[in-house]
Amino acid sequence: MKIQDLRKLLGAADREHLEKAFVECYKKLRKEQKEEADPLLNGILEGKAVNTKKLEVRMDFGELEQQIDEFIENAYAQNYFAPNRFIPKKQRPKWRFMVKNFIKELDKVPLESEDYPKAVNQLILCPHNPVHSLPALVGQSFPSDRLSHFS
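Quick caveat, the model's predicted, so the values are computed rather than measured.

Chemist: What am I meant to see in the layout of surface pockets here?
Modeler: Here the idea is plain: a probe the size of a water molecule rolls over the atoms and shows the empty space left. Roughly 410 Å³ of internal volume is contained in the largest pocket. Around the largest pocket, the lining is made up of 13 residues, and of these Phe22, Tyr26, Leu40, Leu41 and Ile44 lie nearest the centre. If you list the elements that add at least two residues to the lining of the largest pocket, you get helix H2 (15-27) and helix H3 (31-46). No other element matches the seven residues that H2 contributes to the lining of the largest pocket. Residue composition of the lining of the largest pocket, by class: 11 nonpolar, no polar and two charged. Roughly 290 Å³ of internal volume is contained in the second largest pocket. Forming the walls of the second largest pocket are Ile3, Leu6, Arg7, Leu10, Leu18, Ala21, Phe22 and Cys25. Of all the secondary structure elements, the ones that give two or more residues to the lining of the second largest pocket are helix H1 (3-12) and H2.

Here it is as structure tokens:
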């Protein structure tokens with residue numbers, strides 16, 4: 001159902017039926033979804049303007065760097081290619097998405113940050129092999145506009 005159709009349906013509904021339908025829909029939500037929806041509902045019921053956009057949570061750079069190093073070690077050990085005890089079978093085909101996520105997270109590091117040079121180094125050169133870069137692994141080019149600060 002589209003939002004316009006839902007609004008028409010809710011506009012024509014009796015309050016008692018509306019409350020029952022809303023409660024039943026709320027019961028179908030998972031716990032995480034309920035926790036996310038609660039502040040939104042409270043804000044709407046209090047008459048406040050509510051921002052529905054999700055807040056972006058940035059990963060700690062040390063944690064990101066550790067994950068990248070671990071990924072590179074597993075890649076050189078070919079743990080994403082063949083069956084092994086280190087990488088679960090379901091995770092092996094997802095390595096490209098992991099690399100794309102690493103690139104996105106590295107690109108979010110602010111220029112003023114003390115971690116920016118490390119982020120550029122991680123983005124351009126894999127620490128273990130200077131021939132490969134993270135973007136090259138997934139067929140992307142790295143953002144050269146972010147590198148102009150080092151010229």
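Chemist: Got a minute to help me understand the nonpolar core in this structure?
Modeler: Soluble globular proteins tend to pack their nonpolar side chains together in the buried interior. Counting 17 residues, the largest nonpolar core has Phe61, Leu64, Ile68, Phe71 and Leu106 as its most contacted members. Of all the secondary-structure elements, those providing two or more residues to this core are helix H4 (61-76), helix H5 (95-107) and helix H6 (116-124).

Chemist: What's the story with a nonpolar patch on the surface in this structure? I'm lost.
Modeler: Judged by side-chain polarity, Met1, Ile3, Leu6, Leu9, Leu10 and Leu18 come together as a nonpolar surface patch covering roughly 580 Å² of accessible area. The greatest single-element share of the nonpolar patch, amounting to four residues, is contributed by H1. By the element assignment, Met1 lies in the segment before H1.

Chemist: I'm lost on the packing of H4 against H6 in this one. Help?
Modeler: Each pair of packed helices can be summarised by the angle the axes make with each other and by the distance between the axes. Two elements in contact, H4 and H6, have axes separated by 11 Å at closest approach and are oriented at 20 degrees. The angle between the axes of H4 and H6 places the two elements in the roughly parallel class. Where H4 crosses over H6, the two elements pack in a sense that is left-handed. From H4, Phe61, Glu65, Ile68 and Asp69 reach across to H6, where they touch Lys118, Ala119 and Gln122. Residue composition of the contact of H4 with H6, grouped by class: three nonpolar, one polar and three charged.

Calculation rules
Residues numbered from 1 in each chain as written. Predicted model: local features only at pLDDT ≥ 70, side-chain atom pairs only at ≥ 80, totals over all residues. Heavy atoms only, no water. 1 Å grid on protein atoms, 1.4 Å probe; cavity = no way out; pocket = protein on both sides within 12 Å on 5 of 7 lines; lining within 4 Å. Points joined across faces, edges and corners; volume = space filled by probe spheres on them. Helix = DSSP H or I, 4+ residues; strand = E, 2+ residues; numbered from the N terminus. Nonpolar A, V, L, I, M, F, W, Y, C, P; charged D, E, K, R; others polar. Core = buried A, V, L, I, M, F, W, Y, C linked by side-chain atoms within 4.5 Å. Buried < 20%, exposed > 50% of the residue type's maximum accessible area, 1.4 Å probe, protein only. Patch = residues over 30% accessible without salt bridge, like charges linked within 9 Å, V, L, I, M, F, W, Y side chains within 5 Å. Areas by Shrake-Rupley, 256 points an atom, 1.4 Å probe, with all protein chains shown as cover. Salt bridge = Lys/Arg side-chain N within 4 Å of Asp/Glu carboxyl O. Axes fitted to C-alpha atoms, helices over the stretch in contact; angles between N-to-C directions. Parallel < 35°, antiparallel > 145°, perpendicular 65-115°, else oblique. Left-handed = near helix turned anticlockwise from the far one by under 90°. Contact = heavy atoms within 4.5 Å.

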